[in-house]
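# Residue-level structure breakdown
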Amino acid sequence: MAEIARLADTFRAHLVLIAGDVFDTENPPARAEELYYRALCLLAREGRHVVVIAGNHDQPERLAAAAPLAARHRIHVLGRPRAEPPSGPGVLASGPSYLHLRGPDWPYTAAVLALPYPSEARLGAPPAAWAAREGEQQEAYAGLVGALWRELAAGCLPGAVNLAVSHLYVRGGLTSASERFLSVGGAYAVDPGAFPSGLQYIALGHLHRPQEVRGACAPCRYSGSPLAYSFSEAGQAKSVVLVEAAPGLPARCEEAVLDAGRPLACWRATGGFAEALAWCREGRDPAAWIDLEVHSPAPLTREQENALRELRPEIVNLRVVLTGSPGAAGARAVDYASLPLDELFARFYRRQTGGGEPDPELVGVFLELAGAAEGEEAPDATG
């Protein structure tokens, strides 16, 4: 966050747009909230305006609880669609989901159409609207969001820089495995043609991969997450979008790559433990978090695993692919129904621990518990 704030200072940004998913959970810990408020203080220094909207991971009312206080510091927080932001310094006018902003050294006024995550519940749609089949459901949702954007178009201002910020999935966007499929795609997809004309730039949140969305009326981008959240994002350059806009003209956009945070590396040691050990000793990918997969004819010993982790504490995941095992290519399918319960448990344990062998005492405890559970499910007829 300090790096992003420095970029805002370096490029003398007038306005910062935060397009939702401030937190990863609706009930964030106090430590996360403290980091959020510190970040807002950094972003809003020098009289800069900041607009924050809620994403699908955020609890709308909790995110916007401090909005009246934040507005005094030129920080504008909207939790739900059609929310009316509190007035404060630099707010020329406001209404449901829009703001007209001006700073002391701004060459133009900014009109910001702000649409927080528009789920059917947050839109207040009647439950009957979502009882239809998938195709009809998609059409109903697209109609609701399209109508909302048409409402918001009234917030555009002639002679101003007209901007939109929203948290939603626009059709054509590329997803990553780290996104929770709560509302990505399906009935929640929105056509890029739904945005109102007259905008200079559209800022989007929801997808973690930085990318441009084609087909909209103005330059339209997902800034992406500032950090990688799963190894599916290994190799992605994280960034923020710098936007230069003037009334009536398409905005000019430039990505500023972020250096803070560790990169992610996926290692596939098909040469076995010796190859993985050599990579660790040579200091490969020195700053990265590592997802390590070792191909081996036998499970790694505890000593081998410890040797790898002592050399590279950055190993987050360590998996062993047993060559010639049921998971290997070309192996015959296993009839799991025919295997005894202790062997099923041992296979499960190996998979969960990356090839480790369960202690016989642990297997015995599992079999005892499994037998007790079976007895509960099928009690004696006389009992």
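These remarks concern the structure in this document.

## Things to note about the packing of aromatic side chains
In this structure the tally under the stated criterion is six aromatic pairs. Arranged with centres 5.3 Å apart and planes meeting at 70 degrees, the rings of Phe 23 and Tyr 36 form a pair that is edge-to-face. With Phe 23 in the loop between strand E1 (15–18) and helix H2 (30–43) and Tyr 36 in helix H2, this residue pair connects regions lying 13 residues apart in the sequence. For the residue pair Phe 23 and Tyr 36, the accessibility class agrees, reading buried in each case. Aromatic rings pair up to connect Phe 23, Tyr 36 and Tyr 37 into one cluster. Taking the ring centre of Trp 289 as reference, the NZ or CZ of Arg 262 above it sits at 4.3 Å. A cation over an aromatic ring shows up here: Arg 284 above the ring of Trp 279, its NZ or CZ 4.1 Å from the ring centre.

## Let's talk about the pattern of salt bridges
Summed over the entire model, instances satisfying the criterion amount to 15 salt bridges. With its nearest N and O atoms 2.9 Å apart, the salt bridge here joins Arg 252 to Glu 244. Taken together, the shared-partner salt bridges connect Arg 268, Asp 291, Glu 293 and Arg 319 into one network.

## Things to note about the pairing of strand E16 (residues 289–296)
With six of eight residues buried, E16 lies mostly within the body of the structure. Two strands pair when backbone bridges link them, and strand E15 (residues 264–269) and E16 are joined in this way by six bridges, in the parallel orientation. Bridge pairing in E16 places Leu 264 opposite Trp 289. Where the polypeptide runs from E15 across helix H7 (residues 273–282) and back to E16, its parallel neighbour, the crossover connection is right-handed. Relative to strand E17 (residues 315–322), E16 is paired through seven bridges, and the arrangement is parallel. Pairing of Ile 290 across the sheet is with Ile 315, part of E17. Since E16 and E17 lie parallel, the crossover through helix H8 (residues 302–311) that links them has a hand, and here it is right-handed.

## So, the sheet that holds strand E3 (residues 75–78)
Spatially, three strands are ordered E1-E2-E3 in an open sheet, and the strand pairing comes out parallel. Unpaired on one side and paired on the other, E1 and E3 mark the two borders of the sheet. Ignoring strand direction, the axes of neighbouring strands in this sheet form an average angle of 10 degrees. Each of E1, strand E2 (49–53) and E3 is contacted by H2, which is oriented at about 145 degrees to E2, the strand it contacts most.

## Side note on the sheet that holds E15
Taking strand neighbours across the sheet as the criterion, the three strands line up as E15-E16-E17 in an open arrangement whose pairing is parallel. Since the sheet does not close on itself, it has two edges, and those belong to E15 and E17, each with one partner. Along the sheet, successive strands turn relative to each other by an average axial angle of 10 degrees, direction set aside. In this fold H7 packs onto E15, E16 and E17, with an angle of close to 145 degrees to the strand it touches most, E15. The strands touched by H8 are E16 and E17; relative to E17, the strand with the most contacts, the crossing angle is about 145 degrees.

What counts and how
- Residues numbered from 1 in each chain as written.
- Predicted model: local features only at pLDDT ≥ 70, side-chain atom pairs only at ≥ 80, totals over all residues.
- Heavy atoms only, no water.
- Phe/Tyr/Trp six-rings, centres within 6.5 Å; stacked < 30°, edge-to-face > 60°.
- Helix = DSSP H or I, 4+ residues; strand = E, 2+ residues; numbered from the N terminus.
- Buried < 20%, exposed > 50% of the residue type's maximum accessible area, 1.4 Å probe, protein only.
- Lys NZ or Arg CZ within 6 Å of the ring centre and 35° of its normal.
- Salt bridge = Lys/Arg side-chain N within 4 Å of Asp/Glu carboxyl O.
- Pairing = 2+ DSSP bridges.
- Right-handed = clockwise from strand over helix to strand, strands pointing away.
- Axes fitted to C-alpha atoms, helices over the stretch in contact; angles between N-to-C directions.
- Contact = heavy atoms within 4.5 Å.

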